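These are the residues of each chain, in order.
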Amino acid sequence: MNTAAYTRTVPRKTALAQGFRDGIPIALGYFAVSFSLGIAARNAGLSAWQGFLASLLVTASAGEYVGFTIISIGGSYLEMALMMFIANARYLLMSCALSQKFHPATGLLHRLAVGFYVTDELFGIAIGRDGFLDPYYSYGAILIASPCWSVGTALGVIMGNLLPLRAVSALSVALYGMFIAIIVPPSRKNRIVAAFVLISFACSYGATFVPFLANLSGGTVTILLTVIISAAAALFFPIPQKEDETDGK
């Protein structure tokens, strides 16, 4: 692809700074959640450095927890690969959605770098941006979020169970507040978006009472609901073509 054809709306430093700013609340939540992951890593016999490296390379709470659990029970590499795939399969959908947010001239290396750090929260702030996604915006958020995730895991290994569970749970509330901050602005602008947000909440809660869905993993249920609800939204309320071709303002 010809990256020279991509006309920036803001300088790289500005996009980087904006991403760093938006990534601060994510980083705070990540630090708390990864601290509890560090406790699980310690129980699995990992050192602080190993826990740090695991979180640096696998930024996924469910995936890491599954990995640490399999390590603690002496599972095989095949078991770990299958369980990690199931736990993290929802990121495939997020990556597909993000690929549509990039300008067609965005280079492959930028796409791979952003895709390597796709998480629920980083995806949320990236997909919520108007127009095309500048990869440097994602880099800014990753720059603050990834170290907090990795360092939090290492500290969790070192400190073990010194902090009470209630304190760790209280710190992780920051992630829920960040999710609310992501979904409220677009919901206020568009009633259709607001309606489907409420529908997704209701379906996610209702899935816990459906026998078949209740037996599936949380990640699998998320994928099914995402495909079904997003397909319904696209079918009944398609975005006009002219709106979909904005220049990234």
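Figured I'd write up the structure that's included with this text. (Residues numbered from 1 in each chain as written. Predicted model: local features only at pLDDT ≥ 70, side-chain atom pairs only at ≥ 80, totals over all residues. Heavy atoms only, no water.)

So, on to the overall build of the chain. Within the chain, the regular secondary structure consists of 14 helices and zero strands. Counting helices and strands in the order they occur from the N terminus, the chain gives α-α-α-α-α-α-α-α-α-α-α-α-α-α. Here the chain holds 249 residues, and 36% of them are scored as buried. Here the contacts in the chain between residues at least 6 apart in sequence split such that 81% fall between residues at least 24 apart. If you sum the accessible surface of the chain, you get close to 14600 Å²; carbon and sulfur atoms cover 70% of it. (Helix = DSSP H or I, 4+ residues; strand = E, 2+ residues; numbered from the N terminus. Buried < 20%, exposed > 50% of the residue type's maximum accessible area, 1.4 Å probe, protein only. Contact = heavy atoms within 4.5 Å. Areas by Shrake-Rupley, 256 points an atom, 1.4 Å probe, with all protein chains shown as cover.)

Moving on to the nonpolar core. Ranked by size, the top nonpolar core spans 28 residues in total, and within it Ile 26, Tyr 30, Phe 68, Leu 98, Leu 122, Ile 125 and Leu 133 carry the most contacts. Discounting residues that sit within four places of it in the chain, Leu 98 has contacts with Val 114, Val 118, Phe 123, Ala 126, Ile 127 and Leu 133. In this structure, Phe 196, Val 221, Leu 225 and Ile 229 belong to the second largest nonpolar core, which totals six residues. (Core = buried A, V, L, I, M, F, W, Y, C linked by side-chain atoms within 4.5 Å.)

The sharpest bend along helix α1 (residues 12-43) reaches about 40° and sits at Ile 24, with the proline Pro 25 one to four residues further on. Once α1 ends, the next one or two residues include Gly 45, with phi positive near 95°. (Bend = angle between axes of the 7 residues up to and from the residue.)

Glancing now at the packing of helix α4 (residues 77-88) against helix α5 (residues 90-99). Following both chains from N to C, one finds α4 and α5 inclined at 50°, their axes separated by 5 Å at the closest point. It follows that α4 is oblique to α5 by the angle criterion. Facing Phe 85, Ala 87 and Asn 88 of α4, the residues of α5 in contact are Arg 90, Tyr 91 and Leu 92. Per-class residue counts for the contact of α4 with α5 are four nonpolar, one polar and one charged. (Axes fitted to C-alpha atoms, helices over the stretch in contact; angles between N-to-C directions. Parallel < 35°, antiparallel > 145°, perpendicular 65-115°, else oblique. Nonpolar A, V, L, I, M, F, W, Y, C, P; charged D, E, K, R; others polar.)

Moving on, we come to the packing of aromatic side chains. Here the structure, examined in full by the defined rule, presents six aromatic pairs. Plain terms: the ring middles of Tyr 30 and Trp 149 are 5.0 Å apart, the flat faces sit at 70° to each other, and that makes the pair edge-to-face. Taken together, the residues Tyr 30 in helix α1 and Trp 149 in helix α8 (residues 135-159) connect sequence positions 119 residues apart. Considering the side-chain rings of Phe 116 and Tyr 117, the 5.0 Å spacing of their centres and the 80° angle between planes classify their relative orientation as edge-to-face. Here Arg 129 stacks its cationic end above the ring of Tyr 137, 3.9 Å away from the centre of that ring. (Phe/Tyr/Trp six-rings, centres within 6.5 Å; stacked < 30°, edge-to-face > 60°. Lys NZ or Arg CZ within 6 Å of the ring centre and 35° of its normal.)

Bringing the pattern of salt bridges into the picture now. Taken as a whole, this structure holds two salt bridges when the rule is applied. Across the pair Asp 22 and Arg 21 runs a salt bridge, and its minimum N-O distance is 3.0 Å. The class for Asp 22 is partly exposed, based on a relative accessible area of 22%. Here Asp 120 ties to Arg 90 by a salt bridge, and the two come within 3.0 Å at their closest N and O atoms. Here Asp 120 is found in helix α7 (residues 120-127), whereas its partner Arg 90 is found in helix α5, with 30 residues between them in sequence. (Salt bridge = Lys/Arg side-chain N within 4 Å of Asp/Glu carboxyl O.)

Turning our attention to the side chain of Ser 55. Here Ser 55 lies in helix α2 (residues 48-57). Judged by relative accessible area, which is 0%, Ser 55 ranks as buried. Excluding its chain neighbours within four sequence positions, the residues that come into contact with Ser 55 are Glu 64, Trp 149, Ser 150 and Thr 153.

Compared with an ideal rise of 1.5 Å per residue, which puts twelve residues at 16 Å, α4 spans 16 Å between its outermost C-alpha atoms and is within 8% of the ideal. Where the residues of α4 are buried, they touch α3 (61-72) and α5. (Expected span 1.5 Å × (residues − 1).)

Turning to its location among the elements, Ser 34 is positioned in helix α1. A polar atom in the side chain of Ser 34 sits 3.1 Å from the backbone oxygen of Trp 149. Only 3.5 Å separates the side chain of Ser 34 from the backbone nitrogen of Thr 153, close enough to count as a polar contact. Not counting residues up to four positions away in its chain, the partners in contact with Ser 34 are Cys 148, Trp 149, Gly 152 and Thr 153. (Polar contact = N/O pair within 3.5 Å; in protein donor to acceptor, adjacent residues only side chain to side chain.)

Residues Phe 31, Val 151, Leu 155, Ile 158 and Met 159 make up a contiguous nonpolar surface patch of roughly 380 Å² in combined accessible area. Among the elements that line the nonpolar patch, the one with the most residues is α8, at four residues. Structurally, the position occupied by Met 159 is in helix α8. (Patch = residues over 30% accessible without salt bridge, like charges linked within 9 Å, V, L, I, M, F, W, Y side chains within 5 Å.)

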